[in-house]
Amino acid sequence: MEEAKAVKLYGMWASSFCMRIEMALKLKGIPYEYVEEDLGNKSQLLLQYNPVHKMVPVLVHDGRSIAESVVILEYIEDTWKDPPFLLPHDPYMRARVRFWAQFSDHALVDHSRAILKFKGEQQQAAIAEFRENLRILEEGIEKEFSGGKPFFNGKTPGLLDLVIGASSCWHKVLDEIAGVKLITRENNPIVCSWLDAFWDLDVVKATFPDHGRLTAYARRVRENALAMSP
Ligand SMILES: N[C@@H](CCC(=O)N[C@@H](CS)C(=O)NCC(=O)O)C(=O)O
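Treat the numbers as computed from the prediction; the structure is a model and nothing was measured. (Residues numbered from 1 in each chain as written. Predicted model: local features only at pLDDT ≥ 70, side-chain atom pairs only at ≥ 80, totals over all residues. Heavy atoms only, no water.)

### Looking at the pairing of strand β4 (residues 64-67)
Okay, so step 1: In the sheet, strand β3 (residues 58-61) pairs with β4 via four bridges, with the strands oriented antiparallel. Its bridge partner being in β4, Val-60 is matched across the sheet by Ser-65. (Pairing = 2+ DSSP bridges. Helix = DSSP H or I, 4+ residues; strand = E, 2+ residues; numbered from the N terminus.)

Structure, rendered in structure tokens:
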């Protein structure tokens with residue numbers, strides 16, 4: 001109980017950035033307390049813990065806060081040193097994991113947001129960019145992590161698996177909203193077979209929100225965004 005008090009995660013149920021952290025904590029077996037934030041009415045504590053970005057996730061460990069999901073994942077790995085490991089031991093391969101995690105956040109997540117919030121030509125352009133970046137990612141990780149099976153990290157998922165994998169619950173929602181199939185077995189065989197293994201993990205099943213609830217939430221976000229666009 002004392003230990004559970006030591007780690008708190010400030011999150012929001014629909015945020016895949018927060019899901020990454022929940023999955024990492026569960027994988028590592030770290031007890032934590034989850035605090036749901038209302039992003040429309042952020043708590044004073046969230047503003048105090050993340051004054052720069054004012055975003056979730058924030059991890060608070062023994063009263064000290066850490067923001068930015070990838071920074072938090074690295075902190076978890078550096079602090080709880082027992083297996084399963086989230087990063088490879090070799091410094092070069094660790095750097096490659098960080099590179100692709102950063103690429104994925106910019107090249108996939110940013111375009112996912114655009115697919116959700118735009119329509120017409122802008123949405124079509126975001127879909128095309130997403131697909132092209134997924135192709136680049138698939139080619140890159142196949143070359144660099146082909147030894148890693150079934151995960152990029154090997155037998156157990158690591159930082160890169162969590163970063164790319166947590167977003168995948170949103171890809172299914174975007175398929176429905178945009179009437180497309182962003183990831184297909186035909187175009188993305190490597191990503192698809194890796195996703196099969198990822199979705200099969202108990203920690204993933206226990207963390208991903210209900211698809212219907214997430215889709216309803218996404219439709220509301222989209223309606224608001226479209227209502228505000230000129
Ligand atoms: N780069 C950040 C992104 C986190 C992020 O975008 N959080 C969103 C929820 S998905 C948020 O807190 N948004 C509130 C806001 O923008 O005011 C990370 O990796 O942690």
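### A few points about the packing of aromatic side chains
Okay, so step 1: Scanning all chains against the criterion turns up ten aromatic pairs.
Okay, so step 2: With a centroid separation of 6.4 Å and an interplanar angle of 80°, the aromatic rings of Tyr-75 and Trp-80 are classed as edge-to-face.
Okay, so step 3: The class for Tyr-75 is partly exposed, based on a relative accessible area of 22%.
Okay, so step 4: By way of ring pairs, the aromatic residues Phe-152, Trp-194, Phe-198, Trp-199 and Phe-208 are connected into one cluster.
Okay, so step 5: Above the face of the Trp-199 ring, Lys-172 is positioned so that its terminal group lies 3.8 Å from the ring centre.
Okay, so step 6: A cation over an aromatic ring shows up here: Arg-213 above the ring of Trp-13, its NZ or CZ 3.7 Å from the ring centre. (Phe/Tyr/Trp six-rings, centres within 6.5 Å; stacked < 30°, edge-to-face > 60°. Buried < 20%, exposed > 50% of the residue type's maximum accessible area, 1.4 Å probe, protein only. Lys NZ or Arg CZ within 6 Å of the ring centre and 35° of its normal.)

### Focus on the packing of helix α5 (residues 91-117) against helix α7 (residues 159-166)
Packed helix pairs are characterised by how far apart their axes lie and by the angle those axes make with each other.
Okay, so step 1: Contact geometry of α5 with α7 gives a least axis separation of 9 Å together with a crossing angle of 10°. Taken together, α5 and α7 sit at an angle that is classed as roughly parallel. Where α5 abuts α7, its residues Val-97, Trp-100, Ala-101, Ser-104 and Asp-105 lie against Leu-159, Leu-160, Val-163 and Ile-164.
Okay, so step 2: In terms of residue class, the contact of α5 with α7 is built from seven nonpolar, one polar and one charged. (Axes fitted to C-alpha atoms, helices over the stretch in contact; angles between N-to-C directions. Parallel < 35°, antiparallel > 145°, perpendicular 65-115°, else oblique. Contact = heavy atoms within 4.5 Å. Nonpolar A, V, L, I, M, F, W, Y, C, P; charged D, E, K, R; others polar.)

### Re unusual backbone geometry
Okay, so step 1: Here the amide bond leading from Val-56 into Pro-57 is cis, since omega sits at 5°, within 30 degrees of zero.
Okay, so step 2: Within the secondary structure, Pro-57 is located in the loop between α3 (44-49) and β3.
Okay, so step 3: Between Pro-83 and Pro-84 the backbone carries a cis peptide bond, its omega angle lying at 5°.
Okay, so step 4: With respect to the element layout, Pro-84 can be found in the loop between α4 (69-79) and α5.
Okay, so step 5: Not every positive phi belongs to a glycine, and Asp-62 is a case in point at roughly 50°.
Okay, so step 6: Tracing the sequence through the fold places Asp-62 in the loop between β3 and β4.

### Points about the site of the ligand
Okay, so step 1: Around the ligand, the neighbouring residues are Ser-15, Phe-17, Leu-39, Lys-42, Met-55, Val-56, Pro-57, Glu-68, Ser-69 and Arg-113.
Okay, so step 2: At a separation of 2.5 Å, an oxygen atom of the ligand approaches a polar side-chain atom of Lys-42.
Okay, so step 3: With respect to the ligand, the side chain of Arg-113 contributes an N or O atom lying 2.8 Å from an oxygen atom.
Okay, so step 4: In isolation the ligand offers 510 Å² of accessible surface; the protein chains occlude 75% of this area. (Near = heavy atom within 4 Å. Polar contact = N/O pair within 3.5 Å; in protein donor to acceptor, adjacent residues only side chain to side chain. Areas by Shrake-Rupley, 256 points an atom, 1.4 Å probe, with all protein chains shown as cover.)

### Some thoughts on the pairing of strand β2 (residues 33-36)
Okay, so step 1: When strand β1 (residues 7-11) meets β2, the two strands line up parallel, connected through four bridges. In the sheet register, Gly-11 faces β2, and the bridge partner there is Glu-36.
Okay, so step 2: A crossover connection joins β1 to the parallel β2 through helix α2 (residues 16-28); in handedness this β-α-β unit is right-handed. (Right-handed = clockwise from strand over helix to strand, strands pointing away.)

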